[in-house]
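# Topology and contacts: notes
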Amino acid sequence: MNLRYTLHALVISLMAFSFASCSTESKPAAKLLADSDFKTMHLDTVVFGLGCFWGAEKRFAQLSGVADVISGYADGKGVKANYQAVTLRQNKFNPNNHAEVIQVSYNPDQITLTQLLQSFFEQHDPTQMNQQGNDIGTQYRSTILLKEQKQIDLANNVSAQYQTLLTKAGLGKIKTQIKLIDTFYPAEEYHQDYLVKNPNGYCPDHSTGVRFLKKDGSPSDKVEKKDNTAIQSGQHIVIIDSEFCPYCDKFKADVANDYQGSIPMHFRRASQLDGLTITSPTWATPTILFMQDGKEQYAIQGYVNAPKFYKALGYFKLGDSEAFNVAFTEGTDSRFCKQYEIFKNTPDGVFIDKISGAPLFDTRDRFNSGTGWLSFTKPIDDSVYYKEDNRFGMERLEIRAKKSDIHLGHKFDDGPNGQPRYCINATVLEFKARS
């Protein structure tokens, strides 16, 4: 099969697996707090519209001092306050359409309205009119809805401060509408806590990267510049990351934190990609970029689990090769292949997974079986798992790498002194001498 076609098909299938953005699935509702509860708990509320409410809800919910965040609709006229009506094609550019908003309940003793307003501006691109990334329409407009005039004055002041910073950064005019709130309508139950209940997908990150200044004049939580010189040579994996992204956290926990592969992995914010040639959109996090000499070769948008990540990495590292065929289509090395001849008499050390870098077999358990394939009496503890393989009329036990899920070989019962024989393909291994 043509490698370019294969790569394209893989990326399409992975993107289909990982897409769960602001247009598809549903979830249970958050608990709604009554006004009497707010008074008892000394809470106040503010309503923000900054694009799709799913990601916004999650990001604000994680701020210290925020007690509850509810997705909903507001600021419309003559349009029903429900998802079906708001998303009708006829309302896409209707100025009277409701906006997708979040109602933030917060403790003013723990977080101030000014801090929430600053977070609002920093979390999206307020220079966009009726759009955030691929989400286009009046329902995605940038808006702040408040309860009294003094709050409006405060919001206008914060907006003016941010405009100064945006202008200095070479960005455009703020389009955010600031007004008194009329009515907030909670969204349907399936729109509440979406990112918590849907663990696979991506978080839209439309922030400009511009931050407010501290009292000493330095940016608050400044996103530091990164030197990407090393990424401009050779193969690299770049993960576009963002703050408050559960899909990023899940990818780190499931894949990145245990990654030991030979191709370096780097985490970057969308504003930290200077010097790199990126063709994919950079607002979806995580986005996994496979880079060659500083240029994107292909990308996967959204969360992927370990087997799917390692298969994509396998295409990137191995290309259209015998090793890829063995690892991912359960092929078999030729007897006495070149890699076998190299590996049969190595110094003391361990053989590692060529894709994940995880240790698999130890030279101290290697023996010469005379078969033309590497043979071991056992694997390294907890490094492999087994599957029945009855293909070709044979009864065999297949051996697969636990971390990357690649095919390694088969287990037989004819090893030395009554021990098993692990018959392993050399092309899917790399060797690391013991230090």
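The shown structure was predicted, so the numbers you read here are calculated from the model rather than taken from an experiment.

### Thoughts on the sheet that holds strand β15 (residues 349–353)
Spatial ordering of the open sheet is given by β16-β15-β23, a layout of three strands whose pairing is antiparallel. Edge positions in the sheet fall to β16 (359–362) and β23 (429–433), since each of these pairs with one other strand and no more. Across the sheet, the mean angle from the axis of one strand to that of its neighbour is 35°, orientation sign disregarded. Relative to β16, β15 runs antiparallel, the two sharing three bridges.

### A few points about the sheet that holds strand β2 (residues 66–74)
Taken in spatial order, the six strands line up as β7-β6-β1-β3-β2-β8 in an open sheet, and their pairing is mixed. Whereas interior strands pair on both sides, the edge strands pair on one side only; in this sheet they are β7 (177–180) and β8 (184–186). Sheet twist, expressed as the average angle between the axes of neighbouring strands with direction ignored, equals 35°. Relative to strand β6 (residues 142–146), strand β1 (residues 44–50) runs antiparallel, the two being bridged by four bridges.

### Description of the packing of aromatic side chains
Here the structure, examined in full by the defined rule, presents 23 aromatic pairs. For the ring pair Phe-120 and Phe-121, a centre distance of 5.0 Å and an interplane angle of 75° mean the geometry is edge-to-face. Take Phe-120: its relative accessible area is 0%, and that puts it in the buried class. Their ring planes at 35° and their centres at 4.8 Å tell us that Phe-324 and Phe-328 sit as a pair that is tilted. Taken as a pair, Phe-324 and Phe-328 lie in helix α10 (residues 322–329) at a separation of four residues, close to a single helical turn.

### Focus: the nonpolar core
As a rule of thumb, soluble globular proteins bury nonpolar side chains together. Counting residues in each nonpolar core, the largest one holds 88 residues, and the members touching the most others are Phe-48 and Phe-309. Tallying contributions element by element places helix α9 (residues 306–318) first for this core, with eight residues. Residues within four places of Phe-309 in sequence aside, it is in contact with Ile-237, Phe-251, Val-255, Tyr-259, Met-265, Ile-288, Phe-290 and Val-304. With eight residues, the next largest nonpolar core counts Ile-231, Ile-240, Leu-276 and Met-291 among its residues.

### Some words on the pattern of salt bridges
Close approach of charged atoms lets side chains of opposite charge pair. According to the stated counting rule, one finds 18 salt bridges in the structure shown. Residue Lys-179 is joined to Asp-75 by a salt bridge in which the shortest nitrogen-to-oxygen separation is 3.3 Å. One end of the pair, Lys-179, is in strand β7; the other, Asp-75, is in the loop between β2 and α4 (83–86), and 104 residues separate them in sequence. Each of Glu-330, Glu-398, Arg-400 and Asp-405 takes part in one network of salt bridges that share partners.

### Focus: the environment of Phe-244
With respect to the element layout, Phe-244 can be found in the loop between β10 (235–240) and α8 (246–254). It is 7.2 Å that separates the C-alpha atoms of Phe-244 and Gln-62, two residues lying 182 residues apart in sequence. Once residues within four sequence positions are removed from consideration, Phe-244 is found in contact with Lys-58, Arg-59, Gln-62 and Leu-63.

### Things to note about the packing of α9 against α10
Axis separation between α9 and α10 bottoms out at 9 Å; the angle between their running directions is 170°. If you check the angle between α9 and α10, you find them roughly antiparallel. Facing Tyr-310, Lys-311, Gly-314, Tyr-315 and Leu-318 of α9, the residues of α10 in contact are Ala-323, Phe-324 and Phe-328. Taken together, the residues of the contact of α9 with α10 sort by class into six nonpolar, one polar and one charged.

Cut-offs used in this document
- Residues numbered from 1 in each chain as written.
- Predicted model: local features only at pLDDT ≥ 70, side-chain atom pairs only at ≥ 80, totals over all residues.
- Heavy atoms only, no water.
- Pairing = 2+ DSSP bridges.
- Helix = DSSP H or I, 4+ residues; strand = E, 2+ residues; numbered from the N terminus.
- Axes fitted to C-alpha atoms, helices over the stretch in contact; angles between N-to-C directions.
- Phe/Tyr/Trp six-rings, centres within 6.5 Å; stacked < 30°, edge-to-face > 60°.
- Buried < 20%, exposed > 50% of the residue type's maximum accessible area, 1.4 Å probe, protein only.
- Core = buried A, V, L, I, M, F, W, Y, C linked by side-chain atoms within 4.5 Å.
- Contact = heavy atoms within 4.5 Å.
- Salt bridge = Lys/Arg side-chain N within 4 Å of Asp/Glu carboxyl O.
- Parallel < 35°, antiparallel > 145°, perpendicular 65-115°, else oblique.
- Nonpolar A, V, L, I, M, F, W, Y, C, P; charged D, E, K, R; others polar.

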